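Secondary and tertiary structure notes
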Amino acid sequence: MSYEERDQASYYQARADEEIWQKARKFGVSRRRFLELAGLVGGSALFGAACTDDKKEAAPTTSSSGPKIESNIVKDIPPSKFNYVEALGFNAEMRWENMATRGYLTPNDLFFVRQSAATPRISQNNWKLTVSGSGVTTPLELTYDQLLALPEVTSVIRSVECSGNGRIFFDEVLGELTYQDGGNGNKVSLPQWRLGAVGVAEWTGVPLGAILERAGVKPSAKDVVPGGLDESRLRRPMSIAKAMEDDTLLAFAMNGSPLPLDHGFPVRALVPGWIGNQSVKWVGSIEVAEEPVFVPQNTSIYVYIGPGYQPEPPRMGPVVEKQVTKTALELEWPAKLAPKAQTIRGRAWGPEGVSKVEYSVDEGKTWKPAQVLPGPNEPRAWVRYSFDWEPAAGEYKIMARATDSKGQVMPDKIPWNQHGMNYGAVVAHPVTVA
Ligand SMILES: Nc1nc2c(c(=O)[nH]1)N[C@H]1C(S)=C(S)[C@@H](COP(=O)(O)O)O[C@H]1N2
Ligand SMILES: [Mo]
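**Some words on the overall build of the chain**
When helices and strands are counted, the chain shows eight helices and 24 strands. Sequence separation of at least 24 residues holds for 71% of the intrachain contacts in the chain that already meet a minimum separation of 6. When the accessible area of the chain is evaluated, it comes to approximately 18900 Å², of which 52% is carbon and sulfur surface.

In structure tokens form, the structure reads like this:
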């Protein structure tokens, strides 16, 4: 497809949506309800305008179900869908209760956003990818069209999760704040996510390995570093082994739509099973090095610092790459439920996949197996589960814990680390039944 054709396609999509909306209006459907419905069926058109430099045109059609938040995130982030988490840039946390009415995937309009700088507006017409460095024999450049035309294009269902997901529990459970060292004794606070900094989408793109092979990747290549085109210029190295895995992609579509602006349009890295920071958005370059690459991201920011962790020079502590196993309930935090028989739902995920989920409604005294629902249930995505509960009025804490495919059970407690990385302990969800 040429650029013109693609632009045409999004134009027609927008026209078609407008037409459906006009019809819906005749039946008394509000704009907001219409957009919600569009979201349920995929709502590709909501993001179809993602390929322009013009701010006005690029802004997705917005629904407003609350006061608008000034942020440098382009998509609509109403409080009904997101908690806006202030710290180190722009962070919109998914509200888990919204997932209770959803299928396996996180719709694009509910997907959390984490970034250190404003969403850049990059035109796919000017975009190109450069692949270079000592680890390749034939540096190359690819245009957007060339990338999309590669025969290796594939789709995978995978999670993206911020390594700081659950960070707030270090403070709430262990009673010790997490922070980044700002120099001069300054403690910079980090995004205090609860559990909504995770989502699962179907990503379409080209395996990074296929591109590296085209560039003549050398057997001596060690580290691969995608570089972001946003103001933060994020560079995040991964090992050549990780770069060559089948599901490590340069992705250009998310749940069947062109990547939304906030999620990395036109192209992002997808590094499944590893922390979200690895999945560099707005990728413009891939550097392949024969030497290990050290940048603040893997020497001082995404490292474990604290009692029980040792520095590993030049790193200040063990590097954080893999995610850990976690679970969340599809309930408001704190939740209010009626005293009657009901089904409680949740999702559990981790880099090794999930083989079992158990729950406790008596603060961990007794545990029962939850029912894992059918679904893709792939490792590096998540499983959905449910259990029936008929509570009497009162105050409760619901706990859930997942076991991964290696038999590893989520621990009751984990040690504190300064940056609040990978909170993988069991969480107690407060519930009032009245
Ligand atoms: N270029 C760039 N890529 C980035 C970031 C960023 O600030 N700039 N943030 C990273 C972090 S820390 C996370 S957790 C994920 C979040 O991806 P999402 O916003 O699509 O959910 O993007 C990663 N990719
Ligand atoms: Mo992150």
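There is more to say after this.
**Re the site of ligand 1**
Near ligand 1 lie 20 residues; those nearest to it are Phe112, Asp230, His263, Arg268 and Lys281. Measuring from a nitrogen atom of ligand 1, one finds a side-chain N or O atom of aspartate 230 at 2.8 Å. Serine 279 has a polar backbone atom sitting 3.1 Å from a nitrogen atom of ligand 1. Here ligand 1 has 530 Å² of accessible area as a free molecule, and 99% of this is covered by the chains. In terms of residue count, strand β3 (residues 113-115) provides more of the shell around ligand 1 than any other element does, three residues in total. By residue class, the composition of the shell around ligand 1 is eight nonpolar, eight polar and four charged.

**Digging into the environment of leucine 105**
Locating leucine 105 in the fold gives a position in the loop between β2 (90-94) and β3. Taking the relative accessible area as the measure of exposure, leucine 105 reaches 29% and is therefore partly exposed. Ignoring sequence-local partners within four residues, the contact set of leucine 105 consists of Met99, Ile157, Val200, Ala201, Glu202 and Asn255.

**Structural notes on the nonpolar core**
With 51 residues, the main nonpolar core has Leu129, Val131, Leu147, Trp203, Ile211, Leu250 and Ile286 as its most contacted residues. The greatest single-element share of this core, amounting to six residues, is contributed by strand β12 (residues 249-254). Core analysis: the next-biggest nonpolar cluster, separate from the first, contains 23 residues, Leu331, Val354, Tyr385 and Ala402 among them.

**Regarding the pattern of salt bridges**
Within this structure, the stated rule accounts for 16 salt bridges. For arginine 158, the salt bridge identified is with aspartate 247, shortest N-O distance 2.7 Å. With arginine 158 in strand β6 (residues 154-161) and aspartate 247 in the loop between α7 (240-243) and β12, this pair connects stretches of sequence that are 89 residues apart. The residues arginine 158 and aspartate 247 share a single accessibility class, namely buried. With a closest N to O distance of 2.9 Å, arginine 401 and glutamate 358 form a salt bridge. With arginine 401 in strand β23 (residues 394-404) and glutamate 358 in strand β19 (residues 354-360), this pair connects stretches of sequence that are 43 residues apart. Among the residues examined, arginine 401 registers a relative accessible area of 17% and is labelled buried. Among the ionic contacts, a cluster of salt bridges with common partners joins Arg158, Lys242, Glu245, Asp247, Glu378 and Arg380.

**A short note on the packing of aromatic side chains**
Each aromatic ring pair is characterised by the separation of its centres together with the angle its planes make. Inspection of every chain in the model, using the stated rule, returns 14 aromatic pairs. Here the aromatic rings of tryptophan 96 and tryptophan 382 are separated by 5.7 Å at their centres, their planes lie at 50 degrees, and the arrangement is tilted. One end of the pair, tryptophan 96, is in the loop between β2 and β3; the other, tryptophan 382, is in the loop between β21 (371-372) and β22 (383-389), and 286 residues separate them in sequence. For tryptophan 382, a relative accessible area of 1% puts it in the buried group.

**Some remarks on the sheet that holds strand β5 (residues 140-143)**
Read from one edge to the other, the open sheet built from five strands follows the order β5-β4-β15-β10-β11, with strand pairing classed as mixed. The outermost strands of the open sheet, each flanked by one partner alone, are β5 and β11 (238-239). The pairing of strand β4 (residues 128-132) with strand β15 (residues 283-289) spans three bridges and is parallel. Within β15, the residue paired with valine 131 across the bridge is isoleucine 286.

The rules we used
- Residues numbered from 1 in each chain as written.
- Chains lettered and ligands numbered in written order.
- Predicted model: local features only at pLDDT ≥ 70, side-chain atom pairs only at ≥ 80, totals over all residues.
- Heavy atoms only, no water.
- Helix = DSSP H or I, 4+ residues; strand = E, 2+ residues; numbered from the N terminus.
- Contact = heavy atoms within 4.5 Å.
- Areas by Shrake-Rupley, 256 points an atom, 1.4 Å probe, with all protein chains shown as cover.
- Near = heavy atom within 4 Å.
- Polar contact = N/O pair within 3.5 Å; in protein donor to acceptor, adjacent residues only side chain to side chain.
- Nonpolar A, V, L, I, M, F, W, Y, C, P; charged D, E, K, R; others polar.
- Buried < 20%, exposed > 50% of the residue type's maximum accessible area, 1.4 Å probe, protein only.
- Core = buried A, V, L, I, M, F, W, Y, C linked by side-chain atoms within 4.5 Å.
- Salt bridge = Lys/Arg side-chain N within 4 Å of Asp/Glu carboxyl O.
- Phe/Tyr/Trp six-rings, centres within 6.5 Å; stacked < 30°, edge-to-face > 60°.
- Pairing = 2+ DSSP bridges.

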